[in-house]
Amino acid sequence: MQIGVMPSLGESSLGGEPPDGRTPRFSDIVAQAQAAERLGFDSFWLADHLIYRFPEQPEVGCWEVFTFLSGVAALTSRIQLGPLVACTSFRNQALLAKMADSLDEISNGRFILGLGAGWHKPEYDAFGYPFDHLASRFEEALQIIVPLLHEGKVDFHGQYYQAPNTILRPRGPTATGPRIWIGSHKPRMLELTARYADAWNTVWHRHASGVEKVYPDMLAACEKVGRDPATLELTAGTMVHVLAPGEQPPAVEEGKDPGIVGEPEAVAEELRAFANVGVKHLICQFEPDGVAGIERFAQVLPLLDGK
């Protein structure tokens, strides 16, 4: 099972506090990506959000994901990287395919294109994107993005999007374009995942049993569209807090999932369970965030490998 890192790309007030100066700068994101690469992690992921607005919480802004991923790609050499997941509503779909292929070039084939339909209405409203018929819009987006990446051309005329006689050139080093992951959980989105994706991503699960619970829905979607589920990679996400020596587990805030909390061996045991249910690539969000959290989690990697 491969292990990925997903740091925060937004202001540090998401937990309910006003911004306190710990908002990650680009140099912080690069430092985390380089630390993850140096310590043996397999992938590095950033979220695609523009703003968070939740009731009774301060609003939170986020850096633009593709801009940051381009910089990270140029300043790393081995680690895979991608958005988890890019919202197909935020950018022209043919342009999104071109951006993905350009990142394939910058990263020398390390880029993975994570895709999703979006869900947070306030950012749609704030940036002027329509929020109706998200699944239908996502389906049309895939009918543009997938053939452009796989074949280099598309001629598509839909209800929501148009890509007339569009070509994708020059091409990056991956002949059929970057691999496509889709994050989904509702029946129609699962069917689109089974039809178009190289991998399915399901998040955020505290225990592997959460993946086991939802995986039958994906198997049903594969059967419906005639996809061999063995050809669709299973990927998942979880939240992890590796305790430092002598550190006590933090108090759990009401309504907040603490994720997996424990010393390295206990965390490794929890993560092995994900591999045992078929997860091939596990994305982890860390507490504490930043290089410190990545370095702390690195103690778990050799335990996962059985070393």
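A brief look at the structure comes next. Counting restarts for each chain: residues are numbered from 1 in the order of the written sequence. This being a predicted model, a pLDDT of at least 70 is required before a residue's local features are given, and a value of 80 or more before pairs of side-chain atoms are given or counted; all residues contribute to the totals for chains, interfaces and linings. In computing side-chain properties, one takes all heavy atoms of the structure into account and sets aside hydrogens as well as water.

### Points about the pattern of salt bridges
For step 1, the next point in the chain: The working definition used for a salt bridge is a side-chain nitrogen of Lys or Arg within 4 Å of a carboxyl oxygen of Asp or Glu. A complete count under the given rule lists 13 salt bridges for this structure.
For step 2, the next point in the chain: The salt bridge involving Asp132 is made with Arg137; its shortest N-O contact spans 2.9 Å.
For step 3, the next point in the chain: By relative accessible area, Arg137 is classed as buried at 10%.
For step 4, the next point in the chain: Through salt bridges with shared partners, a single ionic network connects Asp48, Glu64 and Arg91. Buried residues are those whose accessible area, probed at 1.4 Å on protein chains only, stays under 20% of the maximum for their type, while exposed residues exceed 50% and partly exposed ones sit between those limits.

### Considerations on the packing of helix 1 (residues 26-39) against helix 2 (residues 65-74)
For step 1, the next point in the chain: To get an axis, a line is fitted to the C-alpha atoms, and for a helix only the part in contact is used. The angle between two axes follows their N-to-C directions and goes from 0 to 180 degrees. Helix and strand assignments follow DSSP, with helices taken as H or I runs no shorter than four residues and strands as E runs no shorter than two, numbered in order from the N terminus. As a packed pair, helix 1 and helix 2 sit with axes 10 Å apart at the nearest point and diverge in direction by 50°. Comparing their axes, helix 2 and helix 1 come out oblique. Crossing of helix 1 against helix 2: the hand is right-handed. Seen from helix 1, the contacting residues are Phe26, Ile29, Val30 and Ala33; seen from helix 2, they are Phe68, Gly71 and Val72.
For step 2, the next point in the chain: Across the contact of helix 1 with helix 2, the residue classes break down as six nonpolar, one polar and no charged. Throughout this description, any angle smaller than 35 degrees is read as roughly parallel, any larger than 145 degrees as roughly antiparallel, any in the 65 to 115 degree range as roughly perpendicular, and the remainder as oblique. By convention, the crossing between two helices is left-handed when the near helix turns anticlockwise from the far helix through less than a right angle, and right-handed when the turn is clockwise. Contacts: residue pairs with any heavy atoms within 4.5 Å of one another. Note on residue categories: nonpolar means Ala, Val, Leu, Ile, Met, Phe, Trp, Tyr, Cys or Pro, charged means Asp, Glu, Lys or Arg, and polar means any other residue, Gly included.

### Here we look at the environment of Arg179
For step 1, the next point in the chain: Structurally, Arg179 can be placed in strand 10 (residues 179-183).
For step 2, the next point in the chain: Residue Arg179 is classed as partly exposed on the basis of its relative accessible area, which comes to 34%.
For step 3, the next point in the chain: C-alpha of Arg179 to C-alpha of Leu271: the two residues are 92 residues apart in sequence and 24 Å apart in space.
For step 4, the next point in the chain: Sequence-distant contacts of Arg179, that is, excluding residues within four places in its chain, are made with Phe111, Ile112, Leu113, Asp198, Ala199 and Glu233.
For step 5, the next point in the chain: We call two N or O atoms a polar contact when they sit within 3.5 Å, provided that within protein one can donate a hydrogen and the other can accept it, with sequence-adjacent residues counted only if both atoms are side-chain atoms. There is a polar contact of 2.9 Å between the side chain of Arg179 and the side chain of Glu233.

### So, helix 2
For step 1, the next point in the chain: Taken across its ten residues, helix 2 has seven buried, putting it largely inside the fold.
For step 2, the next point in the chain: All of the buried residues along helix 2 are Val65, Phe66, Phe68, Leu69, Gly71, Val72 and Ala73.
For step 3, the next point in the chain: Taken together, the buried residues of helix 2 touch helix 1, strand 2 (43-46), strand 5 (80-83), strand 6 (86-87), helix 3 (93-106) and strand 7 (112-116).
For step 4, the next point in the chain: The N-terminus of helix 2 is capped by Glu64, whose side-chain oxygen sits 3.1 Å from the backbone nitrogen of Phe66.

### Examining the state of the cysteines
For step 1, the next point in the chain: Pairs of cysteine sulfur atoms within 2.5 Å are identified as disulfides in what follows. Using the criterion set out here, one finds zero disulfides in the structure.
For step 2, the next point in the chain: Considering cysteine sulfurs only, Cys87 is the nearest to Cys62, which forms no disulfide, with 13 Å between them.

### Focus on the nonpolar core
For step 1, the next point in the chain: Phe41, Phe44, Leu115, Val240, Leu271 and Phe297 are the most contacted members of the largest nonpolar core, which totals 81 residues.
For step 2, the next point in the chain: Discounting chain neighbours no more than four positions away, the residues touching Phe297 are Ile3, Phe41, Val240, Val242, Val267, Leu271, Cys284 and Phe286. Side-chain atoms within 4.5 Å link the members of a nonpolar core, which is a set of buried Ala, Val, Leu, Ile, Met, Phe, Trp, Tyr and Cys residues.

### Description of the pairing of strand 10
For step 1, the next point in the chain: DSSP calls a pair of strands paired once it identifies at least 2 bridges connecting them. Note that strand 7 and strand 10 share four bridges and pair parallel. Note on strand 10: the bridge partner recorded for Ile112 is Arg179.
For step 2, the next point in the chain: Sheet analysis places strand 10 next to strand 11 (residues 199-202), joined by three bridges and oriented parallel. Bridge assignment links Trp181 to a residue of strand 11, and that residue is Ala199.
For step 3, the next point in the chain: In terms of handedness, the path from strand 10 via helix 6 (residues 187-196) over to strand 11 forms a crossover that is right-handed. The crossover handedness rule: strands pointing away from the viewer, path from first strand over the helix to second strand clockwise, crossover right-handed.

### A short note on helix 3
For step 1, the next point in the chain: Given a helix with a known number of residues, its expected span is that number minus one, times 1.5 Å. For helix 3, with 14 residues, the first-to-last C-alpha span of 20 Å sits near the 20 Å given by 1.5 Å per residue.
For step 2, the next point in the chain: Looking only at helix 3, the buried set comprises Gln93, Ala94, Leu96, Ala97, Ala100, Asp101, Leu103 and Asp104.
For step 3, the next point in the chain: Where the residues of helix 3 are buried, they touch helix 2, strand 7, helix 5 (134-151) and strand 9 (162-167).
For step 4, the next point in the chain: The N-terminus of helix 3 is capped by Asn92, whose side-chain oxygen sits 3.1 Å from the backbone nitrogen of Ala94.
For step 5, the next point in the chain: Positive phi appears at Asn108, one or two residues downstream of helix 3, with a value of about 55°.

### With respect to the pairing of strand 11
For step 1, the next point in the chain: Every second residue of strand 11 is oriented toward a common face, with Ala199 and Asn201 on one face and Trp200 and Thr202 on the other, all of them buried.
For step 2, the next point in the chain: Pairing analysis gives four bridges linking strand 11 to strand 12 (residues 233-242), with the strands arranged parallel. Among the inter-strand pairings, Trp200 is bridged to a residue of strand 12, identified as Leu234.
For step 3, the next point in the chain: In the classification by handedness, the crossover that spans strand 11, the intervening helix 7 (residues 208-225) and the parallel strand 12 is right-handed.

### A short note on the packing of helix 6 against helix 7
For step 1, the next point in the chain: Their axes nearest at 8 Å, the elements helix 6 and helix 7 cross at an angle of 60°. Considering their axes alone, helix 6 and helix 7 lie oblique with respect to each other. In the crossing of helix 6 with helix 7, the sense of the turn from one axis to the other is right-handed. Along the contact surface, helix 6 presents Leu190, Glu191, Thr193, Ala194 and Arg195, while helix 7 presents Asp217, Met218, Ala221, Cys222, Lys224 and Val225.

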